[in-house]
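Per-entry structural report
What follows is each chain in one-letter form.
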Amino acid sequence: MNTDELVLAWVRLLFKVDAPRWEDALTRFENELGPGWSVRALAVPRTYSIGARLRDGRELPLSAWREALGLEAAVESRVVDLGAFSAEGLPEHMAAAFANTRGLGLAVRVRGVPSVYALETVNSRRHAITPAQWVELLRQQPHPDAVREALARELSASNALNHRAPVTAAGLEDYLRSEEGASVLDFLGNDLLAELQRTLRRLDAREHVPDALRPLFRMNDPDFLDRMMLGVERQQEFIPSSKALSLASRATGLDFVALVDAQPFARKIWERVAEHFNLNRFSEDADEFDAAGARDRLLRDPENFWNLSVEHLMRQWQGICQAHGAAPVIPEAQRALVRSTYEEARAQDKGFVPPEEQLLLQEEEEGYQVLRFQELEQVPPERLTPVPSPGAEREAFVIALREAQAFAQKEQSPFAEAFKLARFVLETDAWRLSDERLSDERVEVLRAAVVAAGFSDHASEILGRKLRLLTHFEQFHPAEDTLRGLLACALADVFGGMGSWNDQYFETPEAQATYEQVSARLHAALRAFTLANLNAE
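Overview of the structure.

The rules we used
Think of each chain on its own: its residues are numbered from 1, step by step along the sequence as written. Given that the model is predicted, a residue must reach a pLDDT of at least 70 before its local features are reported, and side-chain atom pairs must reach 80 or more before they are shown or counted; all residues, however, enter totals for whole chains, interfaces and linings. No hydrogens and no water enter the side-chain calculation; it runs on all heavy atoms of the structure. Strands here mean DSSP runs of E at least two residues long; helices mean DSSP runs of H or I at least four residues long; both are numbered from the N terminus. Only C-alpha atoms enter the radius of gyration; for comparison, a globular chain is expected to reach 2.2 Å times N to the power 0.38, where N is the number of residues. For every residue, the accessible area obtained with a 1.4 Å probe (protein chains only) is divided by the maximum for its type, and the residue is called buried under 20%, exposed over 50%, and partly exposed between those limits. Every residue pair with non-hydrogen atoms within 4.5 Å of one another is taken to be in contact. Only the protein chains shown count as cover for residues, and the accessible areas themselves come from Shrake-Rupley with a 1.4 Å probe. This count recognises Lys and Arg as positive and Asp and Glu as negative, with His and chain-terminal groups excluded. A charge is said to be at NZ when it belongs to Lys, at CZ for Arg, at CG for Asp and at CD for Glu. Cavity: a set of points on a 1 Å grid over the protein atoms alone where a 1.4 Å probe fits but cannot get out. Pocket: an open set with protein on both sides within 12 Å along at least five of seven lines, its lining residues, like those of a cavity, having an atom within 4 Å of a point. Grid points are joined across faces, edges and corners, and a volume is the space filled by probe spheres set on the points. Each residue gets one of three labels, nonpolar for Ala, Val, Leu, Ile, Met, Phe, Trp, Tyr, Cys and Pro, charged for Asp, Glu, Lys and Arg, and polar for the others, Gly among them. Orientation is described by lines fitted to C-alpha atoms, with helices fitted over the stretch in contact, and by angles between N-to-C directions that extend from 0 to 180 degrees. Our angle categories are set so that under 35 degrees counts as roughly parallel, over 145 as roughly antiparallel, 65 to 115 as roughly perpendicular, and the remainder as oblique. Handedness of a crossing is defined here by the sense of rotation of the near helix relative to the far one, left-handed for an anticlockwise turn of less than a right angle and right-handed for a clockwise turn. As used in this record, nonpolar core signifies buried Ala, Val, Leu, Ile, Met, Phe, Trp, Tyr and Cys residues forming a set joined through side-chain atoms within 4.5 Å. To estimate how far a helix should extend, the number of its residues minus one is multiplied by 1.5 Å. Each aromatic pair joins two rings of Phe, Tyr and Trp (for Trp, the six-membered one) with centres within 6.5 Å, and gets the label stacked for planes under 30 degrees apart, edge-to-face for over 60, and tilted for any other angle. Look at NZ for Lys and CZ for Arg. If either is within 6 Å of the ring centre and within 35 degrees of the ring normal, a charge sits over the ring. We define a salt bridge as a side-chain nitrogen of Lys or Arg found within 4 Å of a carboxyl oxygen belonging to Asp or Glu. For two strands to pair, DSSP has to find at least two bridges joining them.

**Some details on the overall build of the protein**
Scanning the protein from N- to C-terminus turns up 20 helices and 11 strands. Taken over C-alpha atoms, the radius of gyration comes to 31 Å for the protein, far larger than the 24 Å a tight globule of 537 residues would show. If you line up the protein on its principal axes, its C-alpha atoms span 90 × 60 × 45 Å. For the protein, with 537 residues in total, the buried portion stands at 47%. The long-range fraction of contacts in the protein, counting pairs at least 24 apart against all pairs at least 6 apart in sequence, stands at 71%. Element-wise, carbon and sulfur atoms account for 51% of the exposed surface of the protein, whose accessible area totals about 27,100 Å². In the protein, the 60 positive side-chain charges and the 84 negative ones have mean positions that sit 2 Å from each other.

In structure tokens, the structure reads:
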């Protein structure tokens, strides 16, 4: 069970409360959730808040939304399936990994008048800069038209990947101020800023940041990690990025050997190269290198040089020279092959921006997330059909779980236990969830029961986390079957991103095809059973 589903169930159950008990129920619910949630104000820093945007444009927290519906009138509400959405055309079980794709909403009827609200997640801005300040920044640049063209190309390329319309230079400012543009800025802000800097450098200009906007930007120390990795005892070997030397791509291992041999302390450098080779051996059984062996390796196979970490080897070479207080000796034959890393980068791209000059956007420290019910302009009549009962959907869900478990066991997938545990929750007579409050002690008893039933400690840990979600329903006194259904759905919802059931891959085409079919059936059954339980009385 994800956050969207929790919020849908909470709001539906709260709307069932009659007017005289509304304020008391809301207060108890608020106290149960704790300070990490807000139901009386929206966009509260460092919280989740619950509210609605009405068709007339008003945005209200949950408390005011209920008042706007009319406290004196009874509210009928139920969770509805508005259809999953995936711009990439992914199957629904794959699209479930992404935010705002599940398509669940709330149908509300007050005095016989229906409304439908789609639940969406609205995040606070990732960066402190606003769209209006972005527009101001663009207008302040030395070549604003060229910058607009460059940023429009960058945005259009990103939009093409996400099935959104291209952006023109003339329409750039309006786009940035739009809801979609503001959302894209959150993800591409630093990329756009880098493109702005590169564009201006290609025109022999530099970016201009007005004093009023300077607090919105920051710079990183590009050498922080390199300094830290050297350790205290080797700080004298540190080479700033701005002074680092690199080798031209036409150089070979023989050129590097010549560079090392030209130094008065060549043996020390070869010892460091040998140390690097030994740390990066493919097998612990492989022979170790000493200084002479490291040198011989490059002499024997000079063409394989670029398969090594050449940048690291050059840093060792230059760093040891620095530690000895000497400038590197560069033989005449290699002089054209050694150049400043920055000079090499500028030769390849005039728009190169040194890392210490790269601007970055300041992060927004007071983030928040709003679970917002967006009132739809039109009520889809097909979404207002009767919801099947949990009992009718339970059978299909159990069949899908058995099929998924059998397939996962056959393919030796670790997810087999998740499907088995969801079935256990639905079918066991070993315990009941509604007999007493789900305190920490009670949760531990239930965890011990599943271990006794043959499940792993990992399964027990997951069960404990999911059980704690149910505590937020206890004040509404749900039935035993509803609690079990919600818990089973939470355990079987394995459709996420990296590391989830969606990330499984099977070697044979037959197994992969079966996996896709099993996943689609399980996801459909899970969705239907979840919907039924969210609407259970």
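Resuming the write-up.
**Observations concerning the layout of surface pockets**
Considered as a void within the structure, the second largest pocket measures approximately 450 Å³ in volume. When contributions to the lining of the second largest pocket are tallied by element, the ones reaching two or more residues are α9 (224–230), α11 (266–279) and α13 (310–323). Take the lining of the second largest pocket: its biggest share by element is five residues, from α13. In terms of residue class, the lining of the second largest pocket is made up of five nonpolar, five polar and seven charged.

**Quick word on the packing of helix α10 (residues 253–261) against α13**
Here α10 crosses α13 at 15 degrees, and the two axes come no closer than 11 Å. Taken together, the axes of α10 and α13 lie roughly parallel to each other. In this structure, α10 crosses over α13, and the sense of that crossing is left-handed. When α10 is examined against α13, the residues F256, L259 and V260 are found in contact with a partner set consisting of L313, M314 and W317.

**Quick word on the environment of S242**
One can find S242 in the loop between α9 and β8 (245–247). It is 52 Å that separates the C-alpha atoms of S242 and L33, two residues lying 209 residues apart in sequence. Residue contacts for S242: discarding those within four places in its chain leaves S340, Y342 and E356.

**Here's the deal with the nonpolar core**
The biggest cluster of nonpolar side chains holds 83 residues, and the ones touching the most others in it are W65, F373 and F397. In this view, F373 contacts V7, L8, V11, I50, G51, A52, R53, W65, L106, Y117, A118 and L119; residues no more than four positions away in its chain are not counted. Ranked by size, the runner-up nonpolar core spans 28 residues in total, among them A248, A251, W270 and V273.

**Re α11**
Over its 14 residues, α11 extends 20 Å from the first C-alpha to the last, a length consistent with the 20 Å expected when each residue adds 1.5 Å. Every buried residue belonging to α11 is among A266, I269, W270, R272, V273, A274, H276, F277 and N278, and all of these are buried. In this fold, the buried residues of α11 make contact with α10, α12 (291–300) and α13.

**So, the packing of aromatic side chains**
What the rule picks out here adds up to 22 aromatic pairs. A ring pair is formed by F256 and W270, whose centres lie 6.1 Å apart and whose planes are at 90 degrees; its orientation type is edge-to-face. With a gap of 14 residues between them, F256 in helix α10 and W270 in helix α11 connect regions that are remote in the sequence. The class of F256 is buried, set by a relative accessible area of 0%. Centre to centre, the rings of F424 and W431 are 6.1 Å apart; their planes meet at 65 degrees, and the pair counts as edge-to-face. Judged by relative accessible area, F424 falls into the buried class, the value being 17%. The ring of F238 carries R227 above its face, with NZ or CZ at 5.3 Å from the centroid. Above the face of the F455 ring, K420 is positioned so that its terminal group lies 5.4 Å from the ring centre.

**Section: unusual backbone geometry**
Located in the positive-phi region is R46, a residue other than glycine, with phi close to 65 degrees. Judged by its relative accessible area of 61%, R46 falls in the exposed class. You will see that R111, though not glycine, has its phi angle at about 55 degrees, which is positive. Mapped onto the fold, R111 is located in the loop between β5 (104–110) and β6 (113–123).

**So, the pattern of salt bridges**
Scanning the model with the defined rule gives 44 salt bridges in all. The salt bridge involving E403 is made with R521; its shortest N-O contact spans 2.5 Å. Here E403 is found in helix α15 (residues 390–410), whereas its partner R521 is found in helix α20 (residues 509–534), with 118 residues between them in sequence. Classification of E403 by relative accessible area gives partly exposed; the value is 27%. For R521, a relative accessible area of 42% gives the class partly exposed.

**Description of the environment of R297**
With respect to the helices and strands, the residue R297 is situated in helix α12. Judged by relative accessible area, which is 25%, R297 ranks as partly exposed. Distance in space between the C-alpha atoms of R297 and G34 is 64 Å, their sequence separation being 263 residues.

**Some remarks on the pairing of strand β2 (residues 48–53)**
Here two bridges tie strand β1 (residues 37–38) to β2, and the two strands are oriented parallel to one another. Its bridge partner lying in β2, S38 is registered against S49. The pairing of β2 with strand β11 (residues 369–375) spans six bridges and is classified as parallel. When the sheet's bridge partners are listed, G51 is paired in β11 with R372. Examined bridge by bridge, β2 and strand β3 (residues 59–61) share three bridges and lie antiparallel to one another. The residue bridging A52 from the neighbouring strand is L60, located in β3. Linkage of β2 to β3, two consecutive antiparallel strands, is achieved through a turn of five residues, within which G57 is found at a positive phi near 95 degrees.

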